[in-house]
Amino acid sequence: MKCPRNYLHLGARAVAFFRPLFFLAILAALPYLNSFQASWHFDDYCNIVSNERLHIDDVHPETLFKAFFAKPWGGGDRLYRPLPMLTFAINWYLGKERTFGYHLVNLGFHVLTASMLFLTILRLYETPKLKGTGNDSVFFISFLAASLWALNPIQVQAVTYIVQRMAVMAAFFYTAGIFFYIGARNADFKKKSFSNYLFSAICFAAAVGSKENAVTFPLSIFLVEIIFFQDLEHPKTRRVVFAGLAAIAAACAISGILLFFGGDALGMLREYGARSFSLVERVLTQPRVLILHLSQIFYPIPDRLSFVHDIELSTSLFHPWTTLPSILAVIGFLLLGAKMSKKAPFAGFAILFFFAAHAVESTILPLEIVFEHRNYLASLFLFVPVASALHAGISRFAQEKPIIGGALFFFTVFLLVGFGLGTYTRNMAWKTEQTLWEDAMAKAPNSGRPYQCLAWYVLEPSGRYNEALALAGKSLGLRNERPASKVEALNNMGVIYAQHGYLDKASDFFRKAIELSPNALNPRYHLGMVLIESAKYEEAARVLDVLGRRAENDARFLNARSYVHVKMNEPAKALALLRKGLQEKKMEKNILINIGAALSGLGHDDRSLWFGEVADRMFPKDPDVLCWLLFHRYRLGEGERGDAVLDSLVDLVGLDQIGSFLESLPGRIQVLAPPLDAYSPEISRRILERSELAARSIDNLGIQSR
């Protein structure tokens with residue numbers, strides 16, 4: 001049976017269509033093969049590793065839905081970048097803290113974004129302004145542009161930095177939204193047009209649900225419309241265009257305020273209080289940052305890329321001297337983009353799109369001055385004019401001057417290989433926390449952040465606390481983007497001293513941090529912990545009670561203050577505090593356990609046991625919860641049930657570790673340790689029984705093996 005010609009034709013088109021997508025996926029993935037074992041970094045910890053709201057144990061719909069609200073520093077019932085947070089929750093369910101799965105998903109979205117970029121460029125060539133370009137030319141230009149973008153080393157910070165999956169997903173949906181919008185405008189009939197508009201709107205919502213900078217999507221769609229579809233020669237069209245541009249700019253500004261500041265327009269100004277730069281300084285500095293990013297995109301050698309950059313703030317138009325030239329350069333680029341959009345639509349669009357995509361993160365919002373991952377979206381179309389110029393040169397000189405044509409071809413191959421090798425090399429810096437921060441120290445020696453982060457994330461956990469203290473101390477005298485950075489450095493130094501038993505030195509550093517920022521929570525909390533450990537309960541109560549309502553919203557303070565009141569034989573006060581935590585839906589493990597401790601102190605053992613059972617249902621197989629249940633079962637004379645709880649605890653921490661674990665309970669400040677000493681005979685009896693059972697099992701195995 002012969003296959004009809006039209007099916008053969010469709011099959012040939014499908015092969016021709018998917019072949020470049022396959023090769024593009026391979027190209028985009030190859031330079032990231034050394035990134036799969038890269039460790040957690042910086043904001044990964046608060047967003048994922050320490051974010052208990054993401055640490056799910058099942059994939060029931062209600063559990064996954066809660067991940068949409070997993071804002072790492074609180075936020076109540078407010079959505080927080082729900083789509084990336086959902087993917088992080090699923091990653092956690094499948095692999096917990098193992099980073100391989102997270103990197104695999106990040107790379108998958110990067111490949112999808114590169115593929116969608118390729119398809120979008122192809123579709124833009126079908127618009128009225130560009131229709132008629134040869135198919136071979138279009139495929140070559142689209143493939144080369146998407147490849148150069150995907151291989152560019154500047155994208156490493158978005159792809160390898162796990163938490164910046166937010167930026168990658170936003171770019172993917174953003175590009176898909178443009179793709180469907182062009183499809184709607186090119187559609188031949190209304191039904192197809194409607195479905196494409198619908199998909200475009202869904203992608204816009206998904207992009208904003210991935211990261212808030214996607215609110216610029218309407219502005220980008222506006223650029224697509226006026227550059228590729230509209231004839232601006234007519235005065236009426238120009239008036240409509242300018243009116244539309246003003247309306248879209250206003251809408252984006254309002255949307256940004258709603259998304260970033262919850263509708264509080266003055267919130268932006270208050271946020272500047274936490275920065276070491278003013279609104280004016282940020283606005284003056286950003287043109288220099290944008291010029292830096294453009295230079296990095298087109299000359300992205302690894303030596304020019306860093307997690308941290310030494311950027312001197314612009315305090316006026318003339319300081320530093322590059323401020324005014326950078327502002328004029330940005331204005332010049334915008335005018336050039338507007339002018340080129342008539343005769344060279346793609347070149348004009350690429351320039352204007354770059355600045356439009358930076359409109360949120362590189363203007364007035366009090367965000368940090370510079371981050372390379374902000375270019376992941378903004379750089380999408382910048383390589384289309386480059387690819388077009390290379391194709392034109394190769395095509396022109398292939399016949400006339402084959403030597404020049406061949407040289408251009410090999411230059412193109414060299415560019416792809418160079419970008420790929422640069423990305424592979426840049427990934428090496430992201431292998432561990434130590435390699436990342438040492439790389440940043442070398443490239444930004446005047447910034448305090450690399451020194452502080454190297455001390456806190458690498459040296460202190462590894463036991464090299466003297467080196468950690470030296471680096472943290474050095475960071476105090478260097479440039480920091482936030483005044484709070486010095487407070488954090490002092491707090492971290494205090495924590496290091498406290499962890500190694502130097503409580504007086506730790507107390508001095510916490511007090512210095514509080515002097516700099518009396519309302520800072522962390523140093524005040526840690527000072528309270530040091531005072532508790534020193535049995536100075538009255539002073540600890542004064543330190544922990546200063547912040548009032550703000551501290552009451554922090555579960556750590558509730559636990560610490562309740563601990564102090566129990567130690568001061570005031571269980572009723574402790575119970576009143578902890579009940580506030582329950583009223584505000586802070587169903588945290590420590591609060592439930594400490595309520596049980598307060599009730600036990602008041603003689604309400606049955607109610608105390610009830611809270612322990614609630615905690616066990618909410619936090620199964622948690623050692624602290626099991627200790628409290630163990631105490632209550634033995635205290636109430638329920639020996640068999642106590643043995644069952646102890647068996648679960650032994651299975652969890654190990655038979656060889658159970659003794660040291662129980663001995664460590666009094667030092668676990670956040671949880672009131674149950675008085676298990678009174679029941680040591682029961683505990684010793686059951687552990688001995690478990691040991692004898694284990695020994696007999698080993699002997700039996702030995703007999704069987706013989």
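Residues numbered from 1 in each chain as written. Predicted model: local features only at pLDDT ≥ 70, side-chain atom pairs only at ≥ 80, totals over all residues. Heavy atoms only, no water.

For the protein chain, the helix and strand inventory stands at 34 helices and zero strands. A burial count over the protein chain gives 51% of its 706 residues as buried. Within the protein chain, counting contacts between residues at least 6 apart in sequence, those at least 24 apart form 70% of the total. When the accessible surface of the protein chain is split by element, carbon and sulfur atoms take 62% of a total near 33,500 Å². (Helix = DSSP H or I, 4+ residues; strand = E, 2+ residues; numbered from the N terminus. Buried < 20%, exposed > 50% of the residue type's maximum accessible area, 1.4 Å probe, protein only. Contact = heavy atoms within 4.5 Å. Areas by Shrake-Rupley, 256 points an atom, 1.4 Å probe, with all protein chains shown as cover.)

Cis geometry marks the peptide bond from H319 to P320, where omega comes out at -10°. By secondary structure assignment, the location of P320 is in the loop between α13 (279–298) and α14 (323–343). Despite not being glycine, R81 has its phi angle at roughly 40°, a positive value. Position of R81 among the secondary structure elements: in the loop between α3 (61–66) and α4 (82–95). Note on R81: relative accessible area 16%, which makes it buried.

Tallied over the entire structure, the rule returns nine salt bridges. Linking E212 and R81 is a salt bridge whose minimum nitrogen-to-oxygen distance equals 2.9 Å. A residue pair is termed long-range when its members are at least 10 positions apart, and E212 in the loop between α9 (190–208) and α10 (217–228) and R81 in the loop between α3 and α4 qualify at 131 residues. Here the two residues E212 and R81 agree in accessibility, since each one is buried. (Salt bridge = Lys/Arg side-chain N within 4 Å of Asp/Glu carboxyl O.)

A separate point is the side chain of S507. Mapped onto the secondary structure, S507 falls in helix α23 (residues 503–516). In this view, S507 contacts L527 and V530; residues no more than four positions away in its chain are not counted.

This paragraph deals with the nonpolar core. For soluble globular proteins, nonpolar side chains are generally found buried alongside one another. One finds F346, F349 and F381 to be the most contacted residues of the largest nonpolar core, which totals 159 residues. In contact with F346, not counting residues within four places along its chain, are I121, L124, Y125, L130, F228, F381, V384 and P385. Of all hydrophobic cores here, the second largest spans 34 residues; its members include L575, L626, Y634 and L649. (Core = buried A, V, L, I, M, F, W, Y, C linked by side-chain atoms within 4.5 Å.)

A few words on the packing of helix α25 (residues 537–545) against helix α27 (residues 555–567). Direction vectors running N to C along α25 and α27 enclose 150°, while the axes themselves pass 10 Å from each other. Relative to α27, α25 is oriented roughly antiparallel. Helix-helix and strand crossings are classified by hand; for α25 and α27 the assignment is left-handed. Facing α25, whose interface residues are Y537, A540, A541, L544 and D545, α27 presents F557, A560, R561, Y563, V564 and K567. (Axes fitted to C-alpha atoms, helices over the stretch in contact; angles between N-to-C directions. Parallel < 35°, antiparallel > 145°, perpendicular 65-115°, else oblique. Left-handed = near helix turned anticlockwise from the far one by under 90°.)

Below, the discussion takes up a nonpolar patch on the surface. On the surface, F22, F23, I26, L30 and L33 cluster together to form a nonpolar patch covering roughly 500 Å² of accessible area. Along the chain, I26 falls in helix α1 (residues 5–29). (Patch = residues over 30% accessible without salt bridge, like charges linked within 9 Å, V, L, I, M, F, W, Y side chains within 5 Å.)

We now examine helix α24 (residues 521–533). Because an α-helix packs 3.6 residues into every turn, residues spaced three or four apart end up facing the same way. Between its first and last C-alpha, α24 extends 18 Å over 13 residues, near the 18 Å set by a 1.5 Å rise per residue. Judged by how many residues are buried, α24 sits mostly within the fold: ten of 13 residues are covered. Taken together, the buried positions of α24 are occupied by L521, P523, R524, Y525, L527, G528, M529, V530, L531 and I532. A535 lies just past α24 and shows a positive phi near 65°. (Expected span 1.5 Å × (residues − 1).)

This part covers α4. When the terminal C-alpha atoms of α4 are compared, their 20 Å separation across 14 residues agrees well with the 20 Å that a helix rising 1.5 Å per residue should span. The buried fraction of α4 amounts to ten of the 14 residues, a majority that puts the element mostly inside the structure. When α4 is considered as a whole, its buried residues turn out to be P82, P84, M85, L86, T87, F88, A89, N91, W92 and G95. A positive backbone phi angle near 50° is found at K96, which sits one or two residues after α4.

A word on the packing of α23 against α24. Contact geometry of α23 with α24 gives a least axis separation of 9 Å together with a crossing angle of 150°. Considered as vectors, α23 and α24 are oriented roughly antiparallel to each other. Of the two possible hands of crossing, α23 and α24 adopt the one that is left-handed. For the pair α23 and α24, contact is made by L503, A506, S507, F510, R511, A513 and I514 and by P523, R524, H526, L527, V530, L531 and E533, respectively.

Here E225 lies in helix α10. On the basis of relative accessible area, E225 is assigned to the buried category, the value being 13%. Each residue touching E225, except ones within four places of it in the same chain, is listed here: Y181, R185 and Q230.

Assignment of secondary structure puts I178 in helix α8 (residues 165–186). The buried category is assigned to I178, whose relative accessible area is 0%. Discounting residues that sit within four places of it in the chain, I178 has contacts with T120, F217, S220, I221, V224, F353 and F381.

Applying the stated criterion across every chain, the model contains 36 aromatic pairs. Lying across the ring of F229, R185 places its NZ or CZ 4.5 Å from the centre. If you follow K512 out to its NZ or CZ, it ends over the ring of F509, 5.2 Å from the centre. (Phe/Tyr/Trp six-rings, centres within 6.5 Å; stacked < 30°, edge-to-face > 60°. Lys NZ or Arg CZ within 6 Å of the ring centre and 35° of its normal.)

Further remarks concern the environment of H41. Examined against the element boundaries, H41 turns out to sit in the loop between α1 and α2 (43–49). Classification of H41 by relative accessible area gives buried; the value is 0%. With residues up to four places along the chain from it excluded, the contact list for H41 reads Y161, W430, T432, E433 and L436. Only 2.8 Å separates the side chain of H41 from the backbone oxygen of W430, close enough to count as a polar contact. (Polar contact = N/O pair within 3.5 Å; in protein donor to acceptor, adjacent residues only side chain to side chain.)

All we've got here are geometric facts, nothing functional implied.
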